[in-house]
Amino acid sequence: MNTTTLPHMDGKTGFTADWDAWQTSFINEAFNNLRRLTSIPFLPEKIERIRKGVTPREIVYEEDRLKVYRYIGNGPVKYKTPMCFVFALVNRPYILDLKEGRSVISHFVNAGFDCYLIDWGTPTRAERFLTTDDYVNGYMRNVIDYLRERTGAKKVNLLGYCMGGTLSTIFTALHQEMVGSLMLLATGIDFATREGLINLWTDPRYFDVDKFVDTMGNIPAEFLQSAFLMLKPVANLIEKPINLMENIHRDDFLEDYLYMETWLNDNIPVPGEVYREFAKYLFQQNLLTKNRLPIGKHIVDLRKITCPLLNLMARNDDLVPCAQTEPLNDLVSSKDKEKIIWPAGHIGLAVSGRAQKELWPRAVEWLAKRSQ
Amino acid sequence: MSDNTNKAFDQAAAFQKLWMDSMTGMAGVWSQYSPASPAPEETRKMRGGMLKVLTETWDQFMRTPQFMEMMKSSLNGALDLRRFARDGMNRVHEQFETPNKTDIDGILLAIRHVERRILDRLEGFEDRVADVKDRIEALEETLQGQTRPSKQPQRKPAKATKQSSNK
């Protein structure tokens, strides 16, 4: 808000001062409204300019719909062990490289890590029977094998975000010999907590996951999007549009808003069987913490994780509350483990200004100390 | 009264409570209105207060069993409708002798089944090859560690390994 103090207000008290303040405020508001209105016609042009990912990259591996990107830094690669980013199957992974000054990946690239990102692609109806086993022991294992072969390193560092963190944890427990260090961001592990609304809504008394998956096949992006919106209906459906209208004339606000909204609305469907396994085995039966989660022929035992672990979680996360993430550090056998609870939300943990300035340099330093 | 009627009354009561709480809370916010402050700032403050009240009451409401019952019945209704529509379409496809979604899913499942069997077999081979490789490596290490003994004892463990791996 731009508020101007008019010179004739000096020395006035009581009703006259109040009246002057009212007048000034109304004039300022009128001018701001004019600015807001005049910026609306430029909105489509600004939307057109939104890019998905900012750090230069190349495709180095493809399998079915999956693509692996390698990020190209300006300097030489300092560490032999490659870094692999694993994102969720729900949204697109470019949130990790959102825009200039809001990119998690650029922190690692600039520090001299050889960085790779798995883009799972958009599943079609043909992929509805793909299971978590196909993703973890199929695609993910192939990617990690490829990275080891390409770089000559015996191990790969993993950074998993949200559902990608759960997949990375499962992978590490099954293939510990391939993983150097494990970094997790807002990762659901212990689903017994009823703090988050998603955990409540997937309660078997109210949600028949088999009927849902059998009828729907792949879980539509619109369904997932509306479930995420309903976690905070007032903030998402009322406050957000009001904020946009109030700040539409501010270029910095609008740019951040458009980048975030583009990503938030860029959902993809989830393969039906993966959704069934996650809902049933994790949300409803909480098998991961009990070391009884079946992945294909294997049973995931978190005690088999022995590598260094950095567990990052967001204090105000409405999607994956800290209570869902925190127990992991006590469930693994790693001796070198650390957790950081950061004052941010689920997305803010990756892209907020404070996280970019303070958290990510700290995370890069943590990994650098443990890398060759 | 039937169980369903009771549920409907409970849900209506929960919904009514949500709006009562929201309205009471929002009215409470307006009691803090200060006419001395400029209207736009004060209105913004009031709006913030009202939205906070709404956020809290909706969050509480969405955690109630009544809300979840409502969610369950509306989701089930939508799924039943979809199934009903699909069954109808399947019958049409059947009459025209064209493949329907169930047929396609059946083929996909059959492919998945064959794929799974091949992968399981390959995994088995992979494990056996890895086992043989380990044994060969162990043998090579043993042979390198020995200080040039006669050829006869060197061959024996190799034969034994081959036999055991075949088993």
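Preceding this paragraph is the structure being described.
For clarity, every value in this text was computed on a predicted model and none was experimentally measured.

Calculation rules
- Residues numbered from 1 in each chain as written.
- Chains lettered and ligands numbered in written order.
- Predicted model: local features only at pLDDT ≥ 70, side-chain atom pairs only at ≥ 80, totals over all residues.
- Helix = DSSP H or I, 4+ residues; strand = E, 2+ residues; numbered from the N terminus.
- Buried ≥ 20, exposed ≤ 12 C-beta atoms within 10 Å, placed from the backbone.
- Contact = placed C-beta atoms within 7 Å.
- Core = buried A, V, L, I, M, F, W, Y, C linked by C-beta atoms within 7 Å.
- Nonpolar A, V, L, I, M, F, W, Y, C, P; charged D, E, K, R; others polar.

1. Details of the environment of Leu147(A)
All names here are of chain A.
Next, step 1: Position of Leu147 relative to the elements: it lies in helix H4 (residues 132-151).
Next, step 2: A count of 24 C-beta atoms within 10 Å places Leu147 in the buried class.
Next, step 3: Between the C-alpha atom of Leu147 and that of Tyr116, which follows or precedes it by 31 residues, the distance is 8.6 Å.
Next, step 4: The contacts of Leu147, once residues within four sequence positions are left out, are Pro82, Cys84, Tyr116 and Val156.

2. Regarding the environment of Val143(A)
Residue and element names in this part refer to chain A.
Next, step 1: By the secondary structure assignment, Val143 is in helix H4.
Next, step 2: Linking Val143 and Tyr61, residues 82 residues apart in sequence, is a C-alpha distance of 7.7 Å.
Next, step 3: Ignoring anything within four residues of it in the chain, the contact list for Val143 reads Tyr61, Val68, Cys84 and Ile118.

3. A few points about the nonpolar core
Residue and element names in this part refer to chain A.
Next, step 1: With 92 residues, the main nonpolar core has Cys84, Phe85, Leu96, Leu349 and Ala350 as its most contacted residues.
Next, step 2: Considering every element that reaches this core, the biggest residue donor is H4, with seven residues.
Next, step 3: Residue contacts for Cys84: discarding those within four places in its chain leaves Tyr116, Ile118, Val143, Ile144, Leu147, Val156, Asn157 and Leu158.

4. Comments concerning the interface of chain B and chain A
Next, step 1: Contacts between chain B and chain A engage 21 residues on the former and 20 residues on the latter.
Next, step 2: Residues that form the side of chain B that touches chain A fall into these classes: 13 nonpolar, one polar and seven charged.

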